[in-house]
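# Summary of structural features
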Amino acid sequence: MSVEEREAFRALERCVKGKLYLRTLWGDEFEIGEITPVRRGFGSKKGRPDCVAWIELKMDILGVKAKAKIPIPVEIEIKAGIGGVKPDYKPLLESEGIELPMIVVGGTKREEREEQCQAKVKLTITQLPFERIKLVY
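Residues numbered from 1 in each chain as written. Predicted model: local features only at pLDDT ≥ 70, side-chain atom pairs only at ≥ 80, totals over all residues. Heavy atoms only, no water.

On to the overall build of the protein chain, then. From N to C terminus, the protein chain includes three helices and four strands. N-terminal to C-terminal, the α/β element order of the protein chain is α-β-β-β-β-α-α. In terms of C-alpha radius of gyration, the protein chain reaches 18 Å, well past the compact-globule figure of 14 Å for 137 residues. Scored against the burial criterion, the 137 residues of the protein chain give a buried share of 25%. Across the protein chain, contacts joining residues at least 24 apart in sequence account for 51% of those joining residues at least 6 apart. Split by element, the accessible area of the protein chain, about 10,800 Å² in all, is 53% carbon and sulfur. Taking the 25 positively charged and 22 negatively charged side chains of the protein chain as two groups, their mean positions are separated by 2 Å. (Helix = DSSP H or I, 4+ residues; strand = E, 2+ residues; numbered from the N terminus. Rg over C-alpha atoms; globule rule 2.2 N^0.38 Å. Buried < 20%, exposed > 50% of the residue type's maximum accessible area, 1.4 Å probe, protein only. Contact = heavy atoms within 4.5 Å. Areas by Shrake-Rupley, 256 points an atom, 1.4 Å probe, with all protein chains shown as cover. Lys, Arg positive; Asp, Glu negative; His and termini not counted. Charge placed at Lys NZ, Arg CZ, Asp CG, Glu CD.)

The strands that make up a sheet pair up through hydrogen bonds in the backbone, lying either parallel or antiparallel. Within the open sheet, the four strands sit side by side as 1-2-3-4. Their pairing is antiparallel. The outermost strands of the open sheet, each flanked by one partner alone, are strand 1 (18–23) and strand 4 (64–74). The mean angle between the axes of side-by-side strands here comes to 20°, regardless of whether they run parallel or antiparallel. The pairing of strand 1 with strand 2 (residues 29–39) spans six bridges and is antiparallel. (Pairing = 2+ DSSP bridges. Axes fitted to C-alpha atoms, helices over the stretch in contact; angles between N-to-C directions.)

This next bit is on the state of the cysteines. In the structure shown here, the tally under the stated rule is zero disulfides. You can see Cys-15 has no disulfide; the closest cysteine sulfur is in Cys-51, sitting 12 Å from it. (Disulfide = S-S within 2.5 Å.)

Time to look at unusual backbone geometry. In this structure, Leu-62 is a non-glycine residue whose phi angle is positive, near 55°. Residue placement: Leu-62 occurs in the loop between strand 3 (51–61) and strand 4. Here Leu-62 falls in the exposed class, since its relative accessible area comes to 71%.

With that settled, the discussion passes to helix 2 (residues 86–95). Those residues of helix 2 that fall on the buried side of the exposure criterion are Asp-88, Tyr-89 and Leu-92. For helix 2, the arc enclosing every buried residue in end-on projection is 80°, short of the 170-degree limit, so these residues lie on one face. Every exposed residue of helix 2 that faces more than 90 degrees away from the buried side is listed here: Glu-94 and Ser-95. Buried-residue contacts for helix 2 involve strand 3 and strand 4. (Arc of directions from axis to C-beta.)

Spanning 14 residues, helix 1 (residues 3–16) covers 20 Å between terminal C-alpha atoms, matching the ideal 20 Å at 1.5 Å per step. Within the sequence span of helix 1, burial applies to Glu-5, Ala-8, Phe-9, Ala-11 and Leu-12. Taken end-on, helix 1 shows its buried residues confined to a sector of 165°, consistent with a single buried face. Looking one or two residues past helix 1, Gly-18 carries a phi angle of roughly 155°, positive in sign. (Expected span 1.5 Å × (residues − 1).)

Structure representation (structure tokens):
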């Protein structure tokens, strides 16, 4: 991992690592998850992408423990910029992907099962100059 990758990862940790809370309209507050930055490349091993900020949600919805896991890939491309990221985000989305809950109200008994399906994912990619990270975080 390069110096820029280490600095960007440290900035990511300072920016987003922590617990997530929900404050209801009635003023109650509940912990519902956390954001965990993860480095994927170490030493000479290339991370694809370099880092991922995982958003994990665990909350009670209509008496069901719903869980979701959503990745925010972070790629450090000092020279190539935004044009060089496709080889880095595709493996993440194809291997680990996104976990989403679904709740069905109806039927005669409580059942659970897991399904996998192909899904269209819209990836909005934003380029941020490395200098901005050093100034802000």
